[in-house]
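Structure assessment
Read off the chains here:
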Amino acid sequence: LRPIGHAERIAGVASAHAALRLKNRLSELERLGQFIAEFGADHGLATKAISELQLAIDELVTNVISYAYADAGEHGIDVRLTADGGEVTVEVEDDGQPFDPLTAPEPDVDAPIEERQIGGLGIHLVRQVTDRLEYRRVGGKNVVVVHKNAAKSR
Amino acid sequence: MEIFESRANDVLILTPKGRVDASNAASLEAHVIALIDAGERRLVLELKDLDYVSSAGLRVMLVTAKRLGAAGGKLALASPQPAVREILDIAGLSTILQILPNARAATEAVR
């Protein structure tokens, strides 16, 4: 099963897109991981970068599913991937309550085990494995944009 | 995810296979906590078949280490795949959890 997508070639620069709609269920995370792996393989992205993108987007979507909704109903979460050469952009869009994950406090990852916080690691990992993050609230939706260079090293 | 278990005397070796993410971390945590409550004190988490872990899975490792530490026990991790090892490093868990190259060395480390 291939994701919905298309590749276009403009002025010699290959740009590829793919989109996936997830339900707000944690059981969707495996499908999300497969989707990113296939996109990465199709577009020749570096293996390590694919793993890091899987982690980053998983953490963002997990946050949305776990905390964004005041009701227990079904919601759609849109994940849109773009690869322009090795530059990958991922948008994660949800219709949950306004929430900017970039404002989450950083955990102390140098603390001894007795003082180590159990939570708060997710967004820390996202920051560590991506190059740039943006958040905006648009038309009643949260949009987090992830930028990452995923080119294979030459 | 499946969890395989084997034993070397008083050391229990848990080998999760597949993925640990937010969808199944809670059941893994409940399983491990039940083992500790039942008296297990020396645990090895053998990670060679763990293909993917997110912060939800790291949380289980941290909770397990804290619980065992409080009960006078020990946890060691063994043989993580490179991508999992990278995540352990980024999360700062490599400095507070013992990570050994194989299950045999990890078994010795918790004795």
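Right above here is the structure, for reference.
Here we summarise the structure given alongside this text. (Residues numbered from 1 in each chain as written. Chains lettered and ligands numbered in written order. Predicted model: local features only at pLDDT ≥ 70, side-chain atom pairs only at ≥ 80, totals over all residues. Heavy atoms only, no water.)

**A few points about the overall build of chain A**
- Tallying secondary structure elements over chain A gives three helices and six strands in all.
- Counting helices and strands in the order they occur from the N terminus, chain A gives β-β-α-α-β-β-α-β-β.
- Radius of gyration (C-alpha) of chain A: 16 Å, near the 15 Å computed for a compact globule of 154 residues.
- C-alpha atoms of chain A, sized along the principal axes, occupy 50 × 40 × 25 Å. (Helix = DSSP H or I, 4+ residues; strand = E, 2+ residues; numbered from the N terminus. Rg over C-alpha atoms; globule rule 2.2 N^0.38 Å.)

**What to know about the overall build of chain B**
- What chain B contains, in helices and strands, is four helices and six strands.
- The secondary structure elements of chain B, listed N-terminal to C-terminal, are β-β-α-β-β-α-β-α-β-α.
- Scaling as 2.2 N^0.38, a compact globule of 111 residues should have a C-alpha radius of gyration of about 13 Å, and chain B matches this with 12 Å.
- The C-alpha extent of chain B, read off along each of the three principal axes, is 30 × 25 × 25 Å.
- Out of the 111 residues belonging to chain B, those deemed buried represent 56%.
- Counting every atom, chain B has about 4,600 Å² of accessible surface; 50% of that belongs to carbon and sulfur.
- In chain B, 13 positive and 13 negative side-chain charges are present, and the distance between their average locations comes to 5 Å. (Buried < 20%, exposed > 50% of the residue type's maximum accessible area, 1.4 Å probe, protein only. Areas by Shrake-Rupley, 256 points an atom, 1.4 Å probe, with all protein chains shown as cover. Lys, Arg positive; Asp, Glu negative; His and termini not counted. Charge placed at Lys NZ, Arg CZ, Asp CG, Glu CD.)

**A look at the interface of chain A and chain B**
- Each partner contributes to the interface: chain A provides 28 residues, whereas chain B provides 24 residues.
- Of the roughly 1,900 Å² buried between chain A and chain B on both sides combined, carbon and sulfur atoms contribute 66%.
- If you sort the residues of chain A by the area they bury against chain B, Ile-113, Arg-116 and Ile-118 of chain A come out on top, with a joint share of 33%.
- Applying the counting rule to chain A against chain B returns one salt bridge. (Contact = heavy atoms within 4.5 Å. Buried area = accessible area lost by both parts, 1.4 Å probe. Salt bridge = Lys/Arg side-chain N within 4 Å of Asp/Glu carboxyl O.)

**Examining the pattern of salt bridges**
Residue and element names in this part refer to chain A.
- With the rule as written, the count across this model stands at 21 salt bridges over all chains.
- In this structure, the salt-bridge partner of Lys-148 is Glu-52, at a minimum N-O distance of 2.6 Å. Placement of Lys-148 in strand β6 (residues 141–149) and of Glu-52 in helix α2 (residues 47–67) is noted, with a sequence separation of 96 residues between them. Comparing Lys-148 with Glu-52 shows no difference in burial state: the two are buried.

**Quick look at the environment of Glu-114 of chain A**
Residues and elements named next belong to chain A.
- Inspection of the secondary structure puts Glu-114 in the loop between β4 (87–94) and α3 (121–129).
- Overall, Glu-114 belongs to the exposed group, its relative accessible area being 65%.
- Placed 12 residues apart in sequence, Glu-114 and Leu-102 show a C-alpha to C-alpha distance of 26 Å.

**Examining the side chain of Asn-24 of chain B**
All names here are of chain B.
- As for its placement among the helices and strands, Asn-24 is situated in the loop between β2 (11–20) and α1 (25–37).
- A polar contact of 3.0 Å, which involves the side chain of Asn-24, links it to the backbone nitrogen of Asp-21.
- Sequence-distant contacts of Asn-24, that is, excluding residues within four places in its chain, are made with Met-1 and Arg-19. (Polar contact = N/O pair within 3.5 Å; in protein donor to acceptor, adjacent residues only side chain to side chain.)

**A few points about α1 of chain B**
Residues and elements named next belong to chain B.
- Helix length check: α1 (13 residues) gives 18 Å between terminal C-alpha atoms against 18 Å at 1.5 Å per residue, within 8%.
- For α1, every residue scored as buried is listed here: Ala-25, Leu-28, Glu-29, Val-32, Ile-33, Leu-35 and Ile-36. Taken end-on, α1 shows its buried residues confined to a sector of 155°, consistent with a single buried face. Counted as exposed and oriented over 90 degrees from the buried face of α1: Ala-26 and Asp-37.
- Residues of α1 that are buried make contact with β1 (2–8), β2, β3 (42–46) and α2 (55–70).
- Where α1 ends, the next residue or the one after it, Gly-39, has phi of about 115°, a positive value. (Expected span 1.5 Å × (residues − 1). Arc of directions from axis to C-beta.)

**As for a negative patch on the surface**
Residue and element names in this part refer to chain A.
- A cluster of like negative charges, contributed by Asp-108, Asp-110, Glu-114 and Glu-115, occupies part of the molecular surface.
- Along the chain, the position of Asp-110 falls in the loop between β4 and α3.
- Asp-110 gets classed as exposed once you look at its relative accessible area, which sits at 68%. (Patch = residues over 30% accessible without salt bridge, like charges linked within 9 Å, V, L, I, M, F, W, Y side chains within 5 Å.)

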